[in-house]
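Given next are the chains, with one letter for each unit.
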Amino acid sequence: MGHPVLQVQEITGGYMKGKPVLHRVSIDIQSHEMVGLIGLNGAGKSTTIKHILGLLDPFEGTILLGGMKRKDSPAEYASRMSYIPETPLFYEHLTLWEHLELTAMAYQLNQSDFEKRAKELLQEFRMERMVNWFPSTFSKGMKQKLMIINAFLTDPALYIVDEPFVGLDPRGIQSLLQMLEKKKREGASILMSTHILATAEQYCDRLILLHEGRVVLRGTLADLRQQTGMERASLEDIFLTVTEVQRNG
Ligand SMILES: Nc1ncnc2c1ncn2[C@@H]1O[C@H](COP(=O)(O)OP(=O)(O)OP(=O)(O)O)[C@@H](O)[C@H]1O
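Computed from a predicted model, the values in this text were never measured in an experiment. (Residues numbered from 1 in each chain as written. Predicted model: local features only at pLDDT ≥ 70, side-chain atom pairs only at ≥ 80, totals over all residues.)

**Student:** I'd love a proper account of the sheet that holds strand β5 (residues 81–84), names of residues and values included.
**Tutor:** Ordered in space as β5-β6-β7-β3-β8-β9, the six strands form an open sheet in which the pairing is mixed. The strands lining the two open edges of the sheet, one partner per strand, are β5 and β9 (214–219). Averaged over all neighbouring strand pairs, the angle between strand axes comes to 15°, with direction disregarded. Helix-sheet contacts for helix α1 (residues 45–53) involve β3 (33–38), β5, β6 (158–162), β7 (189–193) and β8 (206–211), and the interaxial angle to β6 is about 150°. On top of the sheet, helix α8 (residues 221–228) reaches β8 and β9; it is set at about 115° to β9, its chief contact. (Pairing = 2+ DSSP bridges. Helix = DSSP H or I, 4+ residues; strand = E, 2+ residues; numbered from the N terminus. Axes fitted to C-alpha atoms, helices over the stretch in contact; angles between N-to-C directions. Contact = placed C-beta atoms within 7 Å.)

This is how it looks when you write it as structure tokens:
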């Protein structure tokens, strides 16, 4: 096996030097793998993602994407991943279709491939009717779907998905999960942060439980059960027990 697609190596980081939020966090993700990042509110999931995206620089430690550091070539580093944010971001004055065209331009996608793929995605996420609409008029879930369609226009090595299920209808959730599974089969890696533990349990190959900026558990569900001595427990039971024990010291 080659090196992992994503290697987060012992990063300590956060928003202000001297006040780290993350403490020696390590995450490896291989090709064909979906890894779930779970933890209570404020545990450090989004902060970890911001470091991987390059929006924050670690105070210590290294992040490699396909063996490459961001500072070696920020543009190439960025092109190796797609990010589906928790809070949709869009341009007020561009229609849905214009957003997709902008992505196609930025990633230099071939026009006919782009159009074919865009149409398939619009159909899958039931957004064909809205192509000429402005996203400011969209419902919350529709805005999220715009982010998702955008992310799937390209074929990156890594997908980073931050809390994707809030706001999506059940069909949208199903489409997103099927799309992620398809990308995984084709060789992509996925890092997904979520509070929906039943879904994480069902879809993620491995799980990382962050607590107060530290990794407190990692592995497959079977590994987690073994590490906690909670045979046959659900991920939710393990999560509640571990975060409770940590709280009580
Ligand atoms: N912009 C910021 N500036 C300073 N501190 C921040 C900022 N954003 C988050 N934090 C702090 O970093 C810590 C981790 O927050 P983070 O957003 O990574 O948590 P999370 O696990 O993603 O939580 P949630 O499940 O609520 O989304 C928290 O203590 C939070 O207060």
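**Student:** Please provide a residue-by-residue account of the site of the ligand, values included.
**Tutor:** Neighbouring residues of the ligand: Tyr15, Val21, Gly39, Asn41, Gly42, Ala43, Gly44, Lys45, Ser46 and Thr47. Among the residues forming the shell around the ligand, the class breakdown is three nonpolar, six polar and one charged. (Near = placed C-beta within 6 Å. Nonpolar A, V, L, I, M, F, W, Y, C, P; charged D, E, K, R; others polar.)

**Student:** Tell me about unusual backbone geometry, residues and numbers included.
**Tutor:** Notably, histidine 32 is not glycine yet its phi reads approximately 65°, a positive angle. With respect to the helices and strands, histidine 32 occurs in the loop between β2 (22–29) and β3.

**Student:** Residues and numbers for the sheet that holds β2, please.
**Tutor:** In spatial order, the strands read β2-β1-β4; together these three strands make up an open sheet with antiparallel pairing. Because the sheet does not close on itself, it has two edges, and the strands there are β2 and β4 (60–65). Going across the sheet, the axis of each strand differs from the next one's by a mean of 15°, ignoring polarity. In this sheet, β4 lies alongside strand β1 (residues 6–13) in antiparallel orientation, the contact comprising five bridges. What sits directly across from glutamine 9, in β4, is threonine 62. Each of β1, β2 and β4 touches α1; the most contacted strand, β1, lies at about 115° to it.

**Student:** So what about the UniProt feature "domain: ABC transporter" (unreviewed entry) in the protein? Which residues, and what values?
**Tutor:** Feature annotation in UniProt places "domain: ABC transporter" (unreviewed entry) on residues 6–237, given in this structure's numbering. Structurally, residues 6–237 is divided into 38% helix and 23% strand, and its ends, taken at the C-alpha atoms, are 29 Å apart. (UniProt positions renumbered as here; feature names shortened; annotations may be inferred.)

**Student:** Could you give me a rundown of the domain arrangement of the protein, with the residues and numbers involved?
**Tutor:** What the domain assignment reports for the protein is domain 1 (1–80 + 158–249) and domain 2 (87–155). A C-alpha centroid distance of 26 Å is found between domain 1 and domain 2. With nine residues of domain 1 in contact, the opposing surface of domain 2 contributes 10 residues. Broken down by class, the residue content of the side of domain 1 that touches domain 2 amounts to four nonpolar, four polar and one charged. (Domains from an automatic or database assignment.)

**Student:** I'd love a proper account of the nonpolar core, names of residues and values included.
**Tutor:** Membership of the largest hydrophobic core comes to 57 residues, with the highest contact counts inside it found for Leu6, Val35, Leu158, Tyr159, Ile160, Ile190 and Leu191. For this core, the element with the most residues is helix α5 (residues 140–152), which contributes seven residues. Once you skip the residues sitting within four places of it in the chain, isoleucine 190 turns out to touch Met34, Val35, Tyr159, Val161, Leu180 and Lys184. (Core = buried A, V, L, I, M, F, W, Y, C linked by C-beta atoms within 7 Å. Buried ≥ 20, exposed ≤ 12 C-beta atoms within 10 Å, placed from the backbone.)

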